[in-house]
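Here is how the chains run, residue by residue.
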Amino acid sequence: MSTTALNDLSRFPIVQAPMAGGASCPELAGAVCEAGALGFLAGGYKTAGGLYQEIKQVRGLTARPFGVNLFVPQTGRPADPAAVEVYRHQLAGEADWYRTPLGETDDSRDDAYDAKLAILLEDPVPVVSFTFGCPAADVLASFARVRTYTLVTVTSAEEALAAERAGADAVCVQGVEAGGHQGTYRDDPDEDCAPGTGLLALVTQVRESTGLPIVAAGGIMRGAQIAAVLAAGAGAAQLGTAFLPCPESGAHPLHKRALTDPLFTRTALTRAFSGRPARGLVNRFMREHGPYAPAAYPEVHHLTAPLRKAAATAGDDQGMALWAGQGHRLARALPAGRLVEVLAAELDTALSELAHRSTS
């Protein structure tokens, strides 16, 4: 295992979540790192060459530790081609409306995983995290040999135990409040109606099940919430939605505005855009297609990609995937460095108040 400690990676116990799709760009990761938190690049949906170039850009912006996130290839039961075809027909009206063809669904399912591993082992970065499953033990051992700290996203104590057995350095515990895709190992449509586990309960379950350090993720938007997860046993907090509206974020302007737009009153988990459960702002596309979307990732992701792009080009936030956590209405459009400073100050105030109460 790596000899690096979780809290040696940054000045503050704050991690900027890797948000695939463009939000977690080099500019955002670099600014977060320079402010004393841990910035992340999202390796998902990029080519290996594209990821390599972004890593070079971050290194040009900061000398501080940063991380890269990878999607673990899907090994579960393959998607039902008939269900995907039915969904294709359902989306025909969207294709006509946006005047764009639907995407092809026979693209690779592994997201160039092996090529990205090769890049990260040949030219190591300080931290690598994994989503959608636990990497093989030999992969984690390879990163330990090059002194890269490894994090595995988990959504249950059972997944955390599997990560510990495989040799991960730490786990990112993702509560159901989190925006974007749920990082669960097993994408089971039979569990879509299950309510999911809230972050504080989940952190406690994982803490009492494993000895691994914990990064807590899900709905965190304020320093006082960071203090809460630290009190529950986490070593750091990961925030994604909080960093979306920052000027350095690569998120679409419509996405940034939607976070606090009164028109969007709630979030929900949906398979409508990607075929895998993901939390986003409820809009027309989610309402009309979510109930019928099959469990077919990444096929549905590829199928809807042209629609999402066309909606963004047309300025139509009702056709976009507006990923957001449950705390989205608390978003603040601050520069990333300033947001880190504000969160750190709020955290310090919360911890001081807790200490005062415990002694009074």
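Here the structure is a predicted model, which is why all the values come from computation and not from measurement.

Definitions and limits used
Residues numbered from 1 in each chain as written. Predicted model: local features only at pLDDT ≥ 70, side-chain atom pairs only at ≥ 80, totals over all residues. Heavy atoms only, no water. Helix = DSSP H or I, 4+ residues; strand = E, 2+ residues; numbered from the N terminus. Expected span 1.5 Å × (residues − 1). Buried < 20%, exposed > 50% of the residue type's maximum accessible area, 1.4 Å probe, protein only. Arc of directions from axis to C-beta. Contact = heavy atoms within 4.5 Å. Pairing = 2+ DSSP bridges. Phe/Tyr/Trp six-rings, centres within 6.5 Å; stacked < 30°, edge-to-face > 60°. Lys NZ or Arg CZ within 6 Å of the ring centre and 35° of its normal. Core = buried A, V, L, I, M, F, W, Y, C linked by side-chain atoms within 4.5 Å.

Caption draft 1: Local environment of helix H2 (residues 48-61). Taking 1.5 Å as the rise per residue, H2 with 14 residues should run 20 Å; its terminal C-alpha atoms sit 20 Å apart, in good agreement. Looking only at H2, the buried set comprises Ala48, Leu51, Glu54, Ile55 and Val58. Each buried residue of H2 sits inside an arc of 120° when the element is viewed along its axis, so together they form one side. Buried positions along H2 lie against helix H1 (26-34), strand E2 (39-42), strand E3 (66-71) and helix H5 (113-122).

Caption draft 2: Representation of the sheet that holds strand E11 (residues 278-281) within the structure. Here three strands make up an open sheet; going across it, the order is E7-E11-E10 and the pairing antiparallel. One side of each edge strand has no neighbouring strand; the edge strands of this open sheet are strand E7 (180-181) and strand E10 (267-270). Sheet topology places E10 next to E11; four bridges connect them, and they run antiparallel. Bridged to Thr267 within E11 is Leu281.

Caption draft 3: Structural detail: the packing of aromatic side chains. Taken as a whole and judged by the stated rule, the model has six aromatic pairs. These aromatic residues form a ring-pair network of at least three members: Tyr45, Phe71, Phe132 and Tyr297. Over the ring of Phe132 we find Arg276, and its NZ or CZ is 4.1 Å from the ring centre.

Caption draft 4: Representation of the nonpolar core within the structure. One finds Val68, Leu70, Phe130, Val171, Val173, Leu239 and Phe243 to be the most contacted residues of the largest nonpolar core, which totals 99 residues. By residue number, the principal contributor to this core is helix H13 (residues 336-359), which donates seven residues. Counting residues in each nonpolar core, the second largest holds 13 residues, with Val15, Phe40, Val127 and Cys172 among its members.

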